[in-house]
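Report on the structure
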Amino acid sequence: MHPLPKASPIVEWAYRIFLFGQGLLGTIQFIGGMALALAPSGSISKIVDWLVKNELAEDPTDPISSILFNWAAALGPSANGVYVIYLLGHGVLNIFVVTTLFFRVKWAYHFALTVLWGFVVFQLVEFAIQRDPLLLPLTIIDLLVIALVWLERRQTAGQEQVSFGPQPIRKIRKWTK
């Protein structure tokens, strides 16, 4: 394993924490997507109903519980499939991006920025269409990680990077007598 290149202590500290958080988020998303794939149709509504039922009974004006309850009630029957694809795709890409950034693969910074900007655009379009409030925190996290990846790359530019891509072929000399 190669150590990460040195950046300013604050950027490096924040970068490592957000990199860990992004990897953890990707793992949770992947596990959630797998669980949702195995769950019966309409299970999102049932799970949210089970989670917020007691809170709404105690305080019917609780804003977070009300938002979650209304969100789950508005989901259509095909919502499970959409969220399975989103959670699995987002989770796998997050894990891959974090792994390549951790091992300092040369192309990882550009790949990470491209993937994360793709997530942001997709999440904002989905928010505009569906008004799904859960997409906003994910978008904010992705924007923070984009900023930290950009800062880290800018501060470590020119330092040695690991290349896992194709290596140039060296010419082999044949020894003939």
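Description of the structure in this document. This is a predicted model, so every value here is computed, not measured.

Concerning the environment of Ile28
Summarising the element assignment, Ile28 is placed in helix α1 (residues 9-38). Separated by 59 residues in the primary sequence, Ile28 and Leu87 place their C-alpha atoms 8.8 Å from one another.

A few points about the environment of Gln22
Residue position: Gln22 is located in helix α1. Considering only alpha carbons, one finds Gln22 and Asp142, 120 residues apart in sequence, at a separation of 8.3 Å. A distance of 2.8 Å separates the side chain of Gln22 from the side chain of Asn94, its partner in a polar contact.

Quick notes on the side chain of Asp142
Topologically, Asp142 is positioned in helix α6 (residues 135-156). Setting aside residues up to four positions removed in sequence, Asp142 forms contacts with Gln22, His90, Leu116, Phe119, Val120 and Gln123.

Some remarks on the layout of surface pockets
Here the largest pocket defines a volume of roughly 610 Å³. Lining the largest pocket are 22 residues, and of these Ile44, Trp71, Tyr83, Leu87 and Leu134 sit closest to its centre. Those elements that provide at least two residues to the lining of the largest pocket are α1, α2 (43-58), α3 (63-74), α4 (79-102) and α6. Here the lining of the largest pocket is composed, by residue class, of 19 nonpolar, 2 polar and 1 charged.

Describing α2
The end-to-end C-alpha distance of α2, which contains 16 residues, comes to 24 Å, matching closely the 22 Å that a straight helix rising 1.5 Å per residue would cover. Along α2, the largest kink reaches about 40 degrees and is centred on Val52.

The rules we used
Residues numbered from 1 in each chain as written. Predicted model: local features only at pLDDT ≥ 70, side-chain atom pairs only at ≥ 80, totals over all residues. Heavy atoms only, no water. Helix = DSSP H or I, 4+ residues; strand = E, 2+ residues; numbered from the N terminus. Polar contact = N/O pair within 3.5 Å; in protein donor to acceptor, adjacent residues only side chain to side chain. Contact = heavy atoms within 4.5 Å. 1 Å grid on protein atoms, 1.4 Å probe; cavity = no way out; pocket = protein on both sides within 12 Å on 5 of 7 lines; lining within 4 Å. Points joined across faces, edges and corners; volume = space filled by probe spheres on them. Nonpolar A, V, L, I, M, F, W, Y, C, P; charged D, E, K, R; others polar. Expected span 1.5 Å × (residues − 1). Bend = angle between axes of the 7 residues up to and from the residue.

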